[in-house]
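# Residue-level structure breakdown
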Amino acid sequence: MKKPWGGRFEKSTDALMERFSASIAFDQALYAYDIAGSIAHCKMLAKCRILKPAEAKKIVTGLEKIRKEFDAGQFKIDESLEDIHMNIENRLTQLIGPVAGKLHTARSRNDQICLDIRMYLRDEVAEIMQAIQQLGKTLLTLAKKHIDHIIPGYTHLQRAQPVLLSHHLLAHLEMLLRDKGRMQDALKRINVMPLGSAALAGTNFPIDRHYTAKLLKFPEVSHNSIDSVSDRDFLIEFTSAAAILMMHLSRFAEEIILWSSSEFDLIELSDAFSTGSSIMPQKKNPDPAELIRGKSGRVYGSLVALLTLMKSLPLAYNRDLQEDKEPLFDAVHTVKLCLAVFDGMLATAKFKKIPLAKLEASGFLTATDIADYLVLQGIPFREAHAITGKTVSYCLKNNMTLEQMSLAELQKISSRFKKDVLDHISITSSVERKASYGGTAKKRVLEQIARLKKELARK
Ligand code: ARG
């Protein structure tokens, strides 16, 4: 096949080189954006009298036909035509003849590919933001449902203080809302219209780039043609937001995996979101969570691939840039899939309520409350800490829980213990006392549920 750029070439491309340089296997995913961009470009050329109305009409009709062929899965890809742009242009020539060649006036594939990926990514980011929203709503529903469910909170993966399960779940929602904010922020810099920068220098033709931007619903036009064709910051920004999001999902997934074990026994995943073992009949494994944890690595990989791709790249367009698409597509695909699976996994899971007696027996969760109690009696915190330490040590020696201690026993350790200390020892009162703003007391958590509900309702 004669290449559209083949004018100065005498020999045809080596078959290996042809395969090596082709991007059509993956950039065909951009067909709808490439066609929409071409239609807008064509209309702009007609408006600026660079194309005759009849020519523009022919081109637009042809492009619309090609879009239908793609939509119906009937478009015949020609590998030798390198990329999506040339496949579409070639088909347009078959359909409408040489007038098709006028479409590429005042543009280059260098600005065309930038336009395509910006249009693609702004749609995908909108979808990802919606998926985050959906997962957020599921978390909020769970938080409301389990508002009286107390779990041990952990630091250093050691039982620390009792907290509401809702409070813990909403911690993950806070992370997700920051992820959504980062996506929103990246969108500002994705949503810039590069077409008309041409190869790198701009064009001789009297084009109206702002009109193209208006047709394609871009709020901004890029300001420097050299930067326009070589900038991939917006991909890196997106992938870095995506990598952080995956890091969050991976942390949450790790907890789901721990919580599913008999050691934690806090959650049971639905059969619909678990798998079995081919050898051990008793097993039910939290595979979706494990896969999400594992897939975070792919998205970090995309981020590092893109950063490395751009490092030391001289201005302006370089063919290296073709390598941006596969990591980008993989990151988009992975993030969307993981958000959807996480949502399904959580929405169908059963959280198991821990009986109070088990919480009490589970490791001096209220020790800090005893220290706080002593502070209220006027003892400096450090001293209170030491007295409480002695109390814990007494319990350990006598194989009992804090809750099982009598007032007499406590008073043997310190005379500052009064009758009301027994109140501070209980798990439920410990939670209720964490009433500082953002704390785990029920009224504080309910306050955050109300705030988050509003936040999630915002468009
Ligand atoms: N396939 C190319 C890419 O993805 C499109 C631009 C090619 N431009 C060029 N001058 N070869 O970057």
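The coordinates are above.
It should be emphasised that the depicted structure is a prediction, and the values quoted were computed from it without experimental measurement.

## Quick word on the site of the ligand
The environment of the ligand is made up of Ser23, Asp83, His85, Arg109, Asn110, Ile113, Tyr317, Arg319, Gln322 and Lys325. Here an oxygen atom of the ligand and a side-chain polar atom of tyrosine 317 are 2.5 Å apart. Lysine 325 places a polar side-chain atom, nitrogen or oxygen, 2.7 Å from an oxygen atom of the ligand. In isolation the ligand exposes 340 Å². Once the protein is present, 87% of that is buried.

## A word on unusual backbone geometry
The linkage connecting leucine 315 with the following residue, alanine 316, adopts the cis geometry, with an omega of 0°. By the secondary structure assignment, alanine 316 is in the loop between helix H11 (287–310) and helix H12 (325–348). Notably, alanine 106 is not glycine yet its phi reads approximately 65°, a positive angle. By the secondary structure assignment, alanine 106 is in the loop between helix H5 (84–96) and helix H6 (109–145). By relative accessible area, alanine 106 is classed as buried at 7%. Unusually for a residue other than glycine, aspartate 265 sits at a positive phi of about 55°. Note on placement: aspartate 265 falls in the loop between helix H10 (233–260) and strand E5 (267–268). Its relative accessible area of 29% is what places aspartate 265 among the partly exposed residues.

## Section: the pattern of salt bridges
It is possible for side chains bearing opposite charge to pair when their charged atoms get close. Inspection of the entire model under this criterion finds 27 salt bridges. Of the charged contacts, one joins aspartate 185 and arginine 189 as a salt bridge, the two residues approaching to 3.0 Å between their closest N and O atoms. Residue aspartate 185 and its partner arginine 189 are located together in helix H7 (residues 165–190), separated by four residues, close to a single helical turn. The exposure class assigned to aspartate 185 is partly exposed, which follows from its relative accessible area of 31%. The shortest N-O distance in the salt bridge between glutamate 268 and lysine 284 comes to 3.1 Å. Of this pair, glutamate 268 sits in strand E5 while lysine 284 sits in the loop between E5 and H11, placing them 16 residues apart in sequence. Assessed through its relative accessible area of 34%, glutamate 268 is described here as partly exposed.

## Concerning the environment of leucine 95
Relative to the helices and strands, leucine 95 resides in helix H5. You can call leucine 95 partly exposed: its relative accessible area is 29%. Separated by 29 residues in sequence, leucine 95 and isoleucine 66 place their C-alpha atoms 8.9 Å apart. Beyond its immediate stretch of four places on either side in the chain, leucine 95 contacts Gly62, Lys65 and Ile66.

Calculation criteria
- Residues numbered from 1 in each chain as written.
- Predicted model: local features only at pLDDT ≥ 70, side-chain atom pairs only at ≥ 80, totals over all residues.
- Heavy atoms only, no water.
- Near = heavy atom within 4 Å.
- Polar contact = N/O pair within 3.5 Å; in protein donor to acceptor, adjacent residues only side chain to side chain.
- Areas by Shrake-Rupley, 256 points an atom, 1.4 Å probe, with all protein chains shown as cover.
- Helix = DSSP H or I, 4+ residues; strand = E, 2+ residues; numbered from the N terminus.
- Buried < 20%, exposed > 50% of the residue type's maximum accessible area, 1.4 Å probe, protein only.
- Salt bridge = Lys/Arg side-chain N within 4 Å of Asp/Glu carboxyl O.
- Contact = heavy atoms within 4.5 Å.

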